[in-house]
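Residue-level listing of the chains:
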Amino acid sequence: MRNGSIPGSSGRVRPMRLLGDPGLGTPCEDVTDFGDGLAQLVEDMFATMYAAAGVGLAANQIGVPLRVFVYDCPDDEDRRHLGHLVNPRLVEADGVTVRGPEGCLSVPGIEAGTPRFDRAVVEGFTLDGAPARVTGTGFFARCLQHECDHLDGGLYLDHVTGLRRRRALRAVRRAPWSGRTEEQPEPARTA
């Protein structure tokens, strides 16, 4: 990393799509062009993620309906995982299920106890089209599952049930960015 450029240093911060934006509930398309536009998208995604103090970001969160995500996320042993995946697919999610606090840059300021597997494996490609396989445990596994959900048109709130879900949706209605009032119905669950 010391000999290369800092991810996002040549990118521009793009506006974040928030809960309720239809693009967040729509599955993303596979990337077919691995050219300069893709490299710039990844740079913009890193810049946007860092500006929002996140640990992961999917392309549809900035309005680009392509299967790409970036991450700069620690695992439970505080080892840093930094990278990107193009056309990622969650191929394994196993181990114990851990309910832990989870938030999202597209649902700012709201966390809920969300069940996730403690281990995840994602396969995809790098910017130049080389195959890539990323394995994560603990918090990093949570991040990988979270970003894959985004690309499939889902949000972490889809995994939250019962009282936790009702509390999270109540907080969404009260959030200054939501534009919702207490009388409006809860948002529909996205798939």
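Computed from a predicted model, the values in this text were never measured in an experiment.

What follows concerns the sheet that holds strand 2 (residues 68-74). Here five strands make up an open sheet; going across it, the order is 1-2-3-4-5 and the pairing antiparallel. Both outer strands of the open sheet, strand 1 (56-58) and strand 5 (131-137), are each paired with one neighbouring strand and no more. Going across the sheet, the axis of each strand differs from the next one's by a mean of 40°, ignoring polarity. Pairing of strand 4 (residues 107-125) with strand 5 involves seven bridges; the strand directions are antiparallel. Paired with Ala120 across the strands is Gly136, a residue of strand 5. The sheet contacts of helix 1 (residues 36-51) involve strand 1, strand 2 and strand 3 (80-104), and relative to strand 2 the element is tilted by about 40°. Docked against the sheet, helix 3 (residues 162-174) engages strand 3 and strand 4, running at close to 115° with respect to strand 4.

A separate point is the side chain of Thr48. Among the secondary structure elements, Thr48 is positioned in helix 1. At 2.8 Å, the side chain of Thr48 and the backbone oxygen of Asp44 are in polar contact. When sequence neighbours within four positions are dropped, the list of residues in contact with Thr48 reads Arg12, Val13, Arg14, Met16, Leu57 and Ile62.

What follows deals with the pattern of salt bridges. Enumeration over the complete set of coordinates arrives at 14 salt bridges. Note that Arg119 is salt-bridged to Asp94, the shortest N-O span being 3.1 Å. Pair noted here: Arg119 is in strand 4 and Asp94 is in strand 3, with a separation of 25 residues, a long-range link. We classify Arg119 as partly exposed; its relative accessible area is 27%. Exposure remark for Asp94: the relative accessible area of 31% places this residue in the partly exposed category. The salt bridge partner of Glu123 is Arg133, with a shortest N-O separation of 2.4 Å.

A few words now on the UniProt feature "binding site: Fe cation" (unreviewed entry) in the protein chain. When the UniProt feature table is mapped onto this chain, "binding site: Fe cation" (unreviewed entry) is found at Cys104, His146 and His150. Look at the named residues: they lie 47 residues apart in sequence, but the longest C-alpha span between them is just 10.1 Å, so in the fold they bunch up. Lining the largest pocket, from the residues just named, are Cys104 and His146. You can see His146 is positioned in helix 2 (residues 138-151). We classify His150 as buried; its relative accessible area is 1%. In contact with His150, not counting residues within four places along its chain, are Leu24, Ala58, Asn60, Gln61, Cys104 and Leu155.

Counted according to the given criterion, the structure contains four aromatic pairs. A centroid spacing of 5.2 Å and a plane angle of 50° characterise the contact between Tyr71 and Phe140, whose relative ring orientation is tilted. In this pair, Tyr71 is assigned in strand 2 and Phe140 in helix 2, connecting sequence segments 69 residues apart. A single burial state applies to Tyr71 and to Phe140, both of which are buried.

Analysis parameters
- Position numbers for residues count from 1 along each chain, tracking the sequence in the order it is written.
- Restriction of local features to residues with pLDDT of at least 70 applies here, the model being predicted, together with a cutoff of 80 or more for giving and counting side-chain atom pairs; totals for whole chains, interfaces and linings are based on all residues.
- The side-chain figures draw on all heavy atoms in the structure; neither hydrogens nor water molecules are used.
- Only strands that DSSP links by at least two bridges are regarded as paired with each other.
- Working definition: helices are DSSP H or I runs of at least four residues, strands are E runs of at least two. Numbering for both runs from the N terminus.
- Between N-to-C directions, angles span 0 to 180 degrees; the directions come from axes that are lines fitted to C-alpha atoms, helices contributing only their stretch in contact.
- In this analysis, two residues are considered to be in contact whenever any of their non-hydrogen atoms come within 4.5 Å of each other.
- Whenever a nitrogen or oxygen atom comes within 3.5 Å of another N or O atom, the pair is scored as a polar contact, on the condition that within protein one atom can donate a hydrogen and the other can accept it, and that pairs from neighbouring residues in sequence are kept only if both atoms are in side chains.
- The salt bridge definition used is simple: a Lys or Arg side-chain nitrogen within 4 Å of an Asp or Glu carboxyl oxygen.
- Under the scheme applied here, a residue whose accessible area is under 20% of the maximum for its type counts as buried, over 50% as exposed, and between as partly exposed, the area being computed with a 1.4 Å probe on protein chains only.
- UniProt positions are given in the numbering used here, feature names are shortened, and annotations may be inferred rather than shown by experiment.
- Cavities and pockets were defined on a 1 Å grid built from protein atoms only: a cavity is a group of points that admits a 1.4 Å probe but offers it no way out, a pocket is an open group of points flanked by protein on both sides within 12 Å along at least five of seven lines, and a lining residue is one with an atom within 4 Å of any such point.
- Think of it this way: a Phe, Tyr or Trp ring, Trp meaning its six-membered ring, pairs with another when their centres are within 6.5 Å, and the plane angle makes it stacked under 30 degrees, edge-to-face over 60, tilted otherwise.

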